[in-house]
Amino acid sequence: MSALARLLRDPWPLVALLVVAIMLVFVAWPLAELARQSLIGQESGRFGLENYVAFFESRYFRRALANSLTVAALGTVFALVLAVPLALAFARYDFRGKRWIEVAILMSMLSPPFVGAYAWILMFGRSGMVREALASVGIDIPPIYGAFGIALASAFGQYPVLFLVVRGGLARVNLGLEEAAASLGRGRLAVIRTVTLPLVLPALVTGTLLVFLGIIADFGTPSILGEGERFPVLATLAFSLYLSEIGAEPGMAATTAAILVLIALALVAFARWLAARRTVSNDTSGQRVATPLTGARGALMAVGTGALVLLSNMPLFVVVGSSFLEVRGVVFQPVLTLANYTNAFAALGDALWNSLIYAAIALAMILVIGALAGYLIARRGSLLSRMADLLIMVPYVVPGTVLGIGYASVFNQPPLMLTGTASIIVVMYVIRRLPYVARASASIVYQIDRGLEEASQSLGVRPLGGFRRVMLPLMRPGLLAGAAIAWVEVFNELSASIVLYTGGTRTLPVAAYQQSLAGDVGMAAAYATMLIAITAGALALFIRLRGRGGEVGVL
Amino acid sequence: MTGAHLEASGIKVRFGDFAALDGVDLSVRRGELVTLLGPSGCGKTTLLRVIAGFQQQGAGHITVGGRSLDGIPPEGRNFGMVFQSYAVFPHMSVADNVAYGLTARGVRGADRARRVQAALERVQLGALAARHPEALSGGQKQRVGLARAMVIEPDLLLMDEPLSNLDALLRIEMRREIRLMQRELGITTIYVTHDQEEALAISDRIAVMRQGKLLQIAPPEEVFEASAHAFVADFIGGCNWFDATLAPGPDGDAVALAEGPRFVLPRGKDRPGDRPAGPVRVALRNEDLRLCDAPGALPCLSGQVLMRAYMGHRTRLHLRLASGATMDADVPSGAALPAEGEVVHLEFHPDRARLFTREAGPVDGWRIA
C-alpha cells in the first residue's frame, strides 16, 4: 500500500500532526517567547536573570507575590470548608430538595468570578448596602476590599469545582470498604478518618489544586476587590506592567507571567508527587448507594446545606436584583426600573454581538478539535498523540493573563499578524478551553469498548468510517457535557480578552468588568445579569440537546 | 474436508521483551472448527487478532484460501468476528447492527432487509429486530453479534471467548447452537477459549497453547487421551502427578513410583520399547483410580481421606498419601464411600498411567514418553 493510500484509509497520524502543529504555534510559541523576554534584561537588554533579580529586589513585586499566595491559600481553605462537608452530605445521603440544592451549587459557576466580587462590593463595599444598613443601627464593619474579601469572593466562585471533584471521588469509594471498617468496630467518624479520607485523597488533592490554580490565575476578582494598584497580585501586576499607559515594562511583565506559570507548574508537580506517593489501587467495585434521610434529620440536612448554598449564591441574587433598581449617584434606591438596561444597551456597542459570535465560533472549533484530540489521546499511543495530549493540557495551568500577554507579543507582526483582530480572541478562546473538551472526549472514549471499532472494521468499514458511524454518536453526550463547561468559560472569559481586545472587539465580560471597575453601578449590574442569563440559557439548551439522563459532568 | 483453508506459518509477535507469539504454525481445513485453548497470556487471543488483522505479526505469513493476508487491513479480509464483550453497537437497533456489514458491501434495500431478517431468524432473534441492545440480555446480545458476523458470509469466522460473559447454563446452550450453525453453514471457524470443557465439546480440533507456543493440535479425544505434553494433560482434565523411575527390562518397561507402586508396561505396537532409563513423571487422572479393599495384583496407592466432595454421580476424595503429598480421586457416589479420616486403597490399571520425561527447553517441560 502506498503511503497516500494508507493515509486515506487511516488519517489519524495526519490529524495528530495537525493538532501538534496548531498547539506548537498557539501554545508553545507564545509561552517560549514570554520565557525569552523574561530572560532579556529590561534595563540592560542582556540575556540573563536580571529581570528575576529585579523582581525579587522590588518590595512592590515581592508584595504582589505574597498577596497572590496569601489570597490563593486563604481562598482554598475557605473553599475546602464549604465544599467538603457538602460533598460528604451529597455523596452519602439522600434528602428532600437535594436536586435543587445541587442546581444552586452549580449556579455559582455560571458567572465570571469578577461578578461575584462586584456583588460583594455592592453588599460590603465602601457604600455597600449591607454595610450601610448595619452602620445605620450602629454596627461598623470594615469594607471588604483586600486579601480577606478576595479570598472570600474567590472561594464562593471556586468551591463548586471542588465539590464536584470530591463528590465524584467519594462516589467511587467502595461501600464495602467502609462497611468492613464499621463491622470491625470503628465508629462513624473513625471510619471517615481511617478509610474514607485516605481513599478520597487523590480527588481532594486534584480539587484543591484546581481551586488554588483558579484563584491564583484569576484577574477580575483581585482587580475589582483589590482596587487595582493598592492590592496587587501577580495576575494584575503582569497586566498593568504590560499595558501601563505610563512606561510599559514588557520584560518585567514577561517575568511576572513566568513566575506565575512556574508557581502553577510547581503546584502541579507537587500534587502529582503527592498523588503518586499516596496512591492506592482504585477498588471501585461496590456500587455506592446514598442513605435516605427522612423526617427531622432529612429536613435538617436540607436546611443546613440549603442555607450554605444560598449564602454562596447571594452575589448572584444581589447582582440580578440590583440591576432592576434605580441608581442615584453610586447608591441603589428601592425603586424598580429598567433604566439600567436601557443605558446598558445604549452603551453596549458590539460587545454582546461580539461575545456571541466569538464564543459560538470558538465552541464549534473546540468541539471538532476536542473530539479528534480526545480520540487520539485515548486510542492512539503514538509519540505524536502523546505530544498533542501534553500540549493541549498546557493552557490548563497557564493563567489567561499570561496567555493574553504571550499572544499580544507574538502575533503582532508577520507572519501571523493577528493583534486587534477577532481571530486572536477566537483562537485564544479555543486554546484556553480545549483541555476541557479534549479531556471529556478522551474520558468517554476510554469508556467505549474497543471491540466496537474492531467489529466495525471486521465488517468491512475503514477506521475513519467507523469513527463517524460508531464512535461519534457514542461520544456525543460526553462532548456536549464538555462543550457546556467550555461555553460557560468561553462566554465569560475575561483575563486574556482584557489584554487582547481593542475597540472593535470588545466582549460582554470586558464591558461588564469595565463598568464594575469604574462606571455606573446600575449598568454594571445590568451587564453582569446579561452574562448570567445568556450563560444559563445556553446551558439549558445544551442539557436539552444532550437528552434524558442529562446531568452535566464537569472535567 | 479438503486441504488447508487457513495456513499460518512462523507467526511471531513481541510486546517489548515479552514474546506473545513465538513461532506459531497453524493450519485449518475448510469447514473446520478449531479452538485455541490455553491459560491467559498464552497468546491465543493475540494469534486470533493477528489473523483478524488487528495485530501486526513481527514475522510469519498467513494465507486464507491461497490468498496472502500480507498488507490487507482488517476491513479488507472479509472475516466475521465475534467478541467477548459482544461489541454490539449500542446506538443502533438489532436490525441495524446486522445490516452494518451489508451496507459496507453495498447491499441495499429489500435484499439487505431479507438477508438481515434471515440472519436474525437463524439466531432466533427474528422478533427482536427493532429492539435496541440495551433491552437485550447478554445471550441475546451475543446472538446479535453472531448474526452480524455471519450475515456477511465471511471466509473465516473468528470468535474471541464469545461465551465467557454468560452464565453457565446459557453457555452450554449457546455453544451447542454455535456448533450446529457452524456445521450447517460449513463455515471455517477459529474459536478462542480458556475453558477446556467448552473446547472439548465444540471443536473438530483443539490447539493447546502456552507461552506463545502451540503445544499440540489434535481432535479433542486425542488431546485428552494422548496428551503430547505434560502441560496439555494437566490443563485438560487435570492430573495427579507422581515422580517415578523407568527401567527397561526383559518383559517391558518397569516403572517404580516414588510413592511405592510398581508396574511393568509390556512392549506392544502402540507402546514401542526402548524408552531411555531414568526419572519420569507419571500422570493419573482422577477417574483412573478405583477403590479396592486391599492391595492386589494391580498397582495400588494408599492414603487418608482428608475431605469428601459430593459432585452428583461421582464423589471426589481428597487424600493424603504416605509421603505427605495430596491427590484427588473421583469414585462413583454410593453407600460404600469411606468416611473422612479413613485410610483407603486406590488401584489403577497400568494402561491408564501416562508417562512423561523431561525434555530440554524452558517451555516444553515434560513430554509423553
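Since the structure is predicted, the reported quantities are computational estimates derived from the model, not experimental observations.

Draft legend 1. Here's a closer look at the overall build of chain A. The secondary structure content of chain A amounts to 24 helices and six strands. Taken along its principal axes, the extent of the C-alpha atoms in chain A is 75 × 70 × 50 Å. Every one of the 555 residues in chain A was classed for burial, and the buried ones make up 53%. The long-range fraction of contacts in chain A, counting pairs at least 24 apart against all pairs at least 6 apart in sequence, stands at 78%. Taken together, the 40 basic and 27 acidic charged side chains of chain A have centroids lying 10 Å from each other.

Draft legend 2. Looking closely at the overall build of chain B. Within chain B, the secondary structure is distributed over eight helices and 21 strands. Expressed as lengths along the three principal axes of its C-alpha atoms, the size of chain B is roughly 75 × 50 × 40 Å. Looking at chain B residue by residue over its 369 residues, the buried ones come to 50%. Looking at chain B alone, contacts between residues at least 24 apart form 65% of all its contacts between residues at least 6 apart. Total accessible area computed for chain B in this model is approximately 16,400 Å², and 50% of it derives from carbon and sulfur atoms. Of note, chain B has its 42 positive side-chain charges centred 4 Å away from the centre of its 44 negative side-chain charges.

Draft legend 3. Layout of a nonpolar patch on the surface. Residue and element names in this part refer to chain A. There is a patch of nonpolar side chains on the surface, built from L7, L14, L17 and L18 and spanning about 340 Å² of accessible area. Sorting elements by how many residues they give to the nonpolar patch places helix α2 (residues 12–38) first, with three residues. Looking at where L14 falls in the secondary structure, it is placed in helix α2. A residue is classified by how much of its surface remains accessible, and L14, at 40% relative accessible area, is partly exposed.

Draft legend 4. Main features of the environment of E153 of chain B. Residue and element names in this part refer to chain B. By secondary structure assignment, the location of E153 is in the loop between α4 (138–150) and β7 (156–160). Of the residues examined, E153 reaches a relative accessible area of 58% and is grouped as exposed. Considered as a pair, E153 and L185 are 32 residues apart in the sequence and their alpha carbons are 9.5 Å apart.

Draft legend 5. Structural detail: the pairing of strand β9 (residues 205–210) of chain B. All names here are of chain B. Counting buried positions along β9 gives six out of six residues, so the element sits mostly inside the fold. By the alternation rule, side chains of β9 split into R205, A207 and M209 and I206, V208 and R210, which are all buried. The sheet contact formed by strand β3 (residues 33–37) and β9 spans four bridges and is parallel. Each bridged residue has a counterpart across the sheet, and for L37 the counterpart in β9 is V208. Where β9 meets strand β10 (residues 213–218), five bridges bridge the pair, whose relative direction is antiparallel. Residue pairing in the sheet places V208 in a bridge with Q216 of β10. Hairpin geometry of β9 and β10 is characterised by an intervening segment of two residues between the two adjacent antiparallel strands and by a positive phi of about 45 degrees at Q211.

Draft legend 6. Just the packing of α2 of chain A against helix α16 (residues 351–379) of chain A, in detail. All names here are of chain A. Running from N to C, α2 and α16 point in directions that differ by 115 degrees, and their axes come no closer than 10 Å. Judged by the sense of rotation from one axis to the other, the crossing of α2 with α16 is left-handed. Of the residues in α16, those in contact with W12, V15, A16 and V19 of α2 are I369, L372, Y375 and L376. Here the residues of the contact of α2 with α16 are counted per class, giving eight nonpolar, no polar and no charged.

Draft legend 7. View of the pattern of salt bridges. Residues and elements named next belong to chain B. In the structure shown here, the tally under the stated rule is 26 salt bridges over all chains. Note that E32 is salt-bridged to R29, the shortest N-O span being 3.4 Å. We classify E32 as buried; its relative accessible area is 1%. Between E32 and R205 there is a salt bridge, with the nearest N and O atoms lying 2.5 Å from each other. Of this pair, E32 sits in the loop between β2 (18–29) and β3 while R205 sits in strand β9, placing them 173 residues apart in sequence. Members of the salt-bridge network, linked through shared partners, are E225, D288, R352 and R354.

Draft legend 8. Structural context of the side chain of E33 of chain A. With respect to the secondary-structure elements, E33 of chain A resides in helix α2. Reaching out from E33 of chain A, the side chain makes a polar contact with the side chain of R36 of chain A at a distance of 3.1 Å.

Draft legend 9. Layout of the interface of chain B and chain A. At the interface, 24 residues of chain B touch 22 residues of chain A. Here chain B and chain A share an interface that buries about 1,800 Å² over both sides, 62% of which is from carbon and sulfur atoms. The largest contributions to the chain B side of the interface with chain A come from E75, H91 and Y100 of chain B, which together make up 35% of the buried area. Salt-bridge contacts for R49 of chain B lead to E454 of chain A; the nearest nitrogen and oxygen are separated by 2.6 Å. The tally of links from chain B across to chain A stands at six residue pairs in polar contact (both at pLDDT 80 or more). For the side of chain B that touches chain A, the secondary-structure elements that each account for two or more residues are β6 (79–82) and α2 (94–104) of chain B. Of all the elements, α2 of chain B adds the most residues to the side of chain B that touches chain A, at four residues. For the side of chain B that touches chain A, the class distribution of residues is 14 nonpolar, five polar and five charged.

Draft legend 10. Layout of the nonpolar core. Residues Y407 of chain A together with L6, L26, I51 and I190 of chain B are the most contacted members of the largest nonpolar core, which totals 244 residues. Not counting the four nearest positions on each side in its chain, L6 of chain B is found in contact with L26, S27, V28, I51, I62, T63, V64, L156 and I190 of chain B. By size, the runner-up hydrophobic cluster in this structure holds 25 residues, among which are F263, L319, L337 and F348 of chain B.

Draft legend 11. Representation of unusual backbone geometry. Following P414 of chain A, the chain continues into P415 of chain A via a peptide bond in cis, with omega recorded as 10 degrees. At A87 of chain B, a residue that is not glycine, the phi angle is positive and equals roughly 50 degrees. In this structure, A87 of chain B sits in the loop between β6 and α2. By relative accessible area, which is 1% here, A87 of chain B ends up buried. The backbone of E153 of chain B sits at a positive phi, close to 50 degrees, despite the residue not being glycine.

Draft legend 12. A look at the sheet that holds strand β16 (residues 300–310) of chain B. Residue and element names in this part refer to chain B. Sheet architecture is open: five strands sit in the order β15-β19-β16-β17-β18, paired in antiparallel fashion. Each edge of the open sheet carries a strand with a single partner, namely β15 (290–292) and β18 (326–332). On average, adjacent strands in this sheet sit at an angle of 50 degrees to one another, irrespective of strand direction.

Draft legend 13. Here's a closer look at the confidence of the model for chain B. Looking at chain B, the pLDDT average stands at 90 and 93% of residues meet or exceed 70. Here residues 360–365 of chain B is a poorly scored stretch, pLDDT under 50, and it has 13 contacts once near neighbours within four places are set aside; other chains count.

Draft legend 14. Highlighting the side chain of T46 of chain B. Mapped onto the elements, T46 of chain B comes out in helix α1 (residues 44–52). What T46 of chain B contacts, discounting residues up to four positions off in sequence, is V13, F15, A20, L21 and Q55 of chain B.

Draft legend 15. Highlighting the sheet that holds β2 of chain B. Residues and elements named next belong to chain B. Across the sheet, four strands lie side by side as β2-β1-β4-β5; this open sheet has antiparallel pairing. Each of the sheet's edge strands pairs with one partner strand only, and the pair in question is β2 and β5 (67–68). Here strand β1 (residues 4–15) pairs with strand β4 (residues 59–64) via five bridges, running antiparallel. Among the inter-strand pairings, K12 is bridged to a residue of β4, identified as A59. Running over the sheet, α1 touches β1, β2 and β4 and is turned about 65 degrees from β2.

Draft legend 16. How the structure looks around the environment of G349 of chain A. Considering the arrangement of structural elements, one finds G349 of chain A in the loop between α15 (339–348) and α16. Considering only alpha carbons, one finds G349 of chain A and A269 of chain A, 80 residues apart in sequence, at a separation of 44 Å.

Draft legend 17. Representation of the packing of aromatic side chains in the model. Residues and elements named next belong to chain B. Counted under the stated rule, the structure contains 26 aromatic pairs over all chains. Consider the rings of F263 and F348, whose centres lie 5.7 Å apart with planes at 90 degrees: the pair is edge-to-face. Here F348 lies in the loop between β19 (343–347) and β20 (354–358) and F263 lies in strand β13 (residues 262–266), a separation of 85 residues in the sequence. Neither residue differs from the other here; F263 and F348 are each classed as buried. One residue, R148, lies across the ring of F89, its end atom 4.6 Å from the ring centre.

About the criteria used
- Residues numbered from 1 in each chain as written.
- Chains lettered and ligands numbered in written order.
- Predicted model: local features only at pLDDT ≥ 70, side-chain atom pairs only at ≥ 80, totals over all residues.
- Heavy atoms only, no water.
- Helix = DSSP H or I, 4+ residues; strand = E, 2+ residues; numbered from the N terminus.
- Buried < 20%, exposed > 50% of the residue type's maximum accessible area, 1.4 Å probe, protein only.
- Contact = heavy atoms within 4.5 Å.
- Lys, Arg positive; Asp, Glu negative; His and termini not counted.
- Charge placed at Lys NZ, Arg CZ, Asp CG, Glu CD.
- Areas by Shrake-Rupley, 256 points an atom, 1.4 Å probe, with all protein chains shown as cover.
- Patch = residues over 30% accessible without salt bridge, like charges linked within 9 Å, V, L, I, M, F, W, Y side chains within 5 Å.
- Salt bridge = Lys/Arg side-chain N within 4 Å of Asp/Glu carboxyl O.
- Pairing = 2+ DSSP bridges.
- Axes fitted to C-alpha atoms, helices over the stretch in contact; angles between N-to-C directions.
- Left-handed = near helix turned anticlockwise from the far one by under 90°.
- Nonpolar A, V, L, I, M, F, W, Y, C, P; charged D, E, K, R; others polar.
- Polar contact = N/O pair within 3.5 Å; in protein donor to acceptor, adjacent residues only side chain to side chain.
- Buried area = accessible area lost by both parts, 1.4 Å probe.
- Core = buried A, V, L, I, M, F, W, Y, C linked by side-chain atoms within 4.5 Å.
- pLDDT = per-residue confidence, 0-100.
- Phe/Tyr/Trp six-rings, centres within 6.5 Å; stacked < 30°, edge-to-face > 60°.
- Lys NZ or Arg CZ within 6 Å of the ring centre and 35° of its normal.

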